[in-house]
Amino acid sequence: MKITKICCIGAGYVGGPTMAIIAQKCPHIQVTVVDLNENRIAAWNDEDVTKIPIYEPGLSDIVAESRGRNLFFSTDVETAIDEAELIFISVNTPTKTFGKGKGMAADLKYIELCARQIAKIAKDNKIVVEKSTLPVRTAEAIKSILDHTGNGVQFQILSNPEFLAEGTAVDDLLFPDRILIGGDASKEGVEAIQSLVDVYANWVPQDKILTTNVWSSELSKLTANAFLAQRISSINAMSELCEKTGADVNEVARAIGMDSRIGSKFLKSSVGFGGSCFQKDILNLVYIAKSYGLNEVADYWEQVIVMNDHQKRRFSNKIVQTLYNTVADKKIAFLGWAFKKDTNDTRESAAIYVADDLINEQANITVYDPKVAGDKVFSDLNYLKTRSADSNKERVSVVQDPYEACLNAHAIAVLTEWDEFITYDWNRIYHSMQKPAFVFDGRNVLNRAEMEKIGFVYQSVGS
Ligand code: NAD
Ligand code: UGA
């Protein structure tokens, strides 16, 4: 099938950037991104393109280039589904918060809603593409819903997981390591796979487009995230041992990373990984393994999460212990709230959990992040339900200026590795703080020797 119209359900961190690149690289294809969230669609359509809802370096220029030409953002889900030959499902698949599998399994209600809506509206044959990260064998459930419409429409279900990382989404989409497409081996399945291959082939070299069966594709996505997160938990486990033995985790990471079998990427020790996917996807993997009775497999991967939780808690404990075992009514400046640099996303950010621990110790926290809006900080803390929203408001403030954040602070905690932190006037910050002036560098971004020369008591992760 030659694709002329694409619909993407879900205008989030994946749907928005991915479709913007498809539209840019395929001007002959009309791409419509739909979402139930009216505010989000309105923001994607904002005349001032810097106000699009997702901050990603380079994204606003790409949206500006295609929006209104062959890239559209709309709340009219039905029309977009009706017109498209190919439909991406790119909705959220959070961890279940209720019922069977609570706290572990992926909540597939949004996926099922999409399938039912497609089933209701489709009048001609469609290719339905799972872009969201899904448990292995979800395509079976989607197919079952779609095949019971009784209106004779034929559906092909493909799995095409997304591997972009936030903060580098544009580059990851333009120059992907690989595009993975899983589909049926039947004649119709092979044709559907080819239709999607043809879309990507507009900018991705053929040898980087990998085709597999649906189940391998679904499971490869969970496996990739599990392996990536496992590297971080592995180096973080070593960071604690480094702190006890006088080894430096950065030196250890460098030394092992030079072994080409290990490789140097994803070995940065930190306060712990965050983001909307690593924890969710590993918990989902653990749940799937358990549901097949594979308890050793489940326990093995669960340890990655256990280690990550420990690392976050260890960081907040270290702050309390170093500040003479009390942070009550002391001012702690948080530099960074996003889960990594170059994104405004805060989902599962380590900063949230470190702040929660310190508020329990009655610390006062002042947050500065260059891209995160103030109300987000409060909604993240309120979501934990540890205490009332008013109590969070009493203990936390959000400011727009890093120097104000650090003024009179007893300690600074670096929670995100924003580049701008390195360029601050640290002398000025030192002189504006309570003494001794402590810095807890949860991202190992500042230079120990320089910080100590200024007078700071500097502690990083793993050295
Ligand atoms: P998101 O929450 O940013 O966006 C999902 C959007 O889908 C929301 O705007 C929501 O309103 C919309 N939505 C939900 N149900 C809908 C429906 N029935 N009709 C229309 N719109 C609906 O999520 P995201 O970060 O873009 O992630 C989406 C999926 O991609 C998840 O499965 C995630 O695991 C996966 N993924 C995410 C990333 C990432 O970096 N964020 C990377 C790779 C894969
Ligand atoms: C991750 C994967 O890298 C993507 O390939 C995947 O598509 C995506 O999850 C997903 O499925 O959602 P993302 O979470 O956006 O991408 O960002 P990462 O760069 O992986 O960082 C995740 C967390 O790990 C961040 O908190 C980051 O600071 C932390 N991290 C990363 C470290 O602590 N050390 C490292 O060496 C690397």
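As shown above, the structure is provided for reference.
Residues numbered from 1 in each chain as written. Chains lettered and ligands numbered in written order. Predicted model: local features only at pLDDT ≥ 70, side-chain atom pairs only at ≥ 80, totals over all residues. Heavy atoms only, no water.

Q: How would you summarise the overall build of the protein if you had to cite specific residues and measurements?
A: Counting its regular elements, the protein contains 18 helices and 14 strands. Taken over C-alpha atoms, the radius of gyration comes to 24 Å for the protein, in line with the 23 Å a tight globule of 463 residues would show. C-alpha atoms of the protein, sized along the principal axes, occupy 75 × 50 × 45 Å. Residues counted as buried form 53% of the 463 residues belonging to the protein. Here the analysis covers contacts within the protein between residues at least 6 apart in sequence; of these, 75% occur between residues at least 24 apart. Counting every atom, the protein has about 20800 Å² of accessible surface; 51% of that belongs to carbon and sulfur. The centroid of the 50 positive side-chain charges in the protein is displaced by 2 Å from the centroid of its 61 negative side-chain charges. (Helix = DSSP H or I, 4+ residues; strand = E, 2+ residues; numbered from the N terminus. Rg over C-alpha atoms; globule rule 2.2 N^0.38 Å. Buried < 20%, exposed > 50% of the residue type's maximum accessible area, 1.4 Å probe, protein only. Contact = heavy atoms within 4.5 Å. Areas by Shrake-Rupley, 256 points an atom, 1.4 Å probe, with all protein chains shown as cover. Lys, Arg positive; Asp, Glu negative; His and termini not counted. Charge placed at Lys NZ, Arg CZ, Asp CG, Glu CD.)

Q: Got a sec to walk through the site of ligand 2? Specific residues and values, please.
A: If you check the shell around ligand 2, you find 20 residues, and the closest are Leu164, Ser270, Cys277, Lys340 and Arg443. Contact between ligand 2 and glutamate 162: an oxygen atom at 3.4 Å from a main-chain N or O atom of the residue. If ligand 2 stood free it would expose 700 Å²; the protein chains cover 90% of that surface. Ranked by the residues each element gives to the shell around ligand 2, the list is headed by helix H9 (residues 214-245), at four residues. (Near = heavy atom within 4 Å. Polar contact = N/O pair within 3.5 Å; in protein donor to acceptor, adjacent residues only side chain to side chain.)

Q: I'd like a rundown of the pattern of salt bridges, residues and numbers included.
A: Applying the stated criterion across every chain, the model contains 26 salt bridges. Its salt-bridge partner being lysine 131, residue glutamate 162 comes within 3.0 Å of it at the nearest N-O pair. Here glutamate 162, found in the loop between strand E6 (155-159) and helix H7 (169-174), pairs with lysine 131, found in the loop between strand E5 (126-130) and helix H6 (138-147); they are 31 residues apart in sequence, far enough to count as distant. Judged by its relative accessible area of 13%, glutamate 162 is buried. For lysine 131, a relative accessible area of 3% gives the class buried. Here glutamate 243 makes a salt bridge to lysine 318, at a shortest N to O gap of 3.6 Å. One end of the pair, glutamate 243, is in helix H9; the other, lysine 318, is in helix H12 (residues 295-322), with 75 residues separating them in the sequence. Among the residues examined, lysine 318 registers a relative accessible area of 15% and is labelled buried. (Salt bridge = Lys/Arg side-chain N within 4 Å of Asp/Glu carboxyl O.)

Q: Got a sec to walk through the sheet that holds strand E11 (residues 396-398)? Specific residues and values, please.
A: As summarised here, the arrangement of the six strands in space is E11-E10-E9-E12-E13-E14, forming an open sheet in which the pairing is parallel. Each having just a single partner strand, E11 and strand E14 (457-460) make up the two edges of the open sheet. The mean inter-strand angle of the sheet, taken between neighbouring strand axes irrespective of direction, is 20 degrees. Pairing between strand E9 (residues 331-335) and strand E10 (residues 364-368): five bridges, direction parallel. Within the sheet, the bridge partner assigned to lysine 331 lies in E10 and is asparagine 364. (Pairing = 2+ DSSP bridges. Axes fitted to C-alpha atoms, helices over the stretch in contact; angles between N-to-C directions.)

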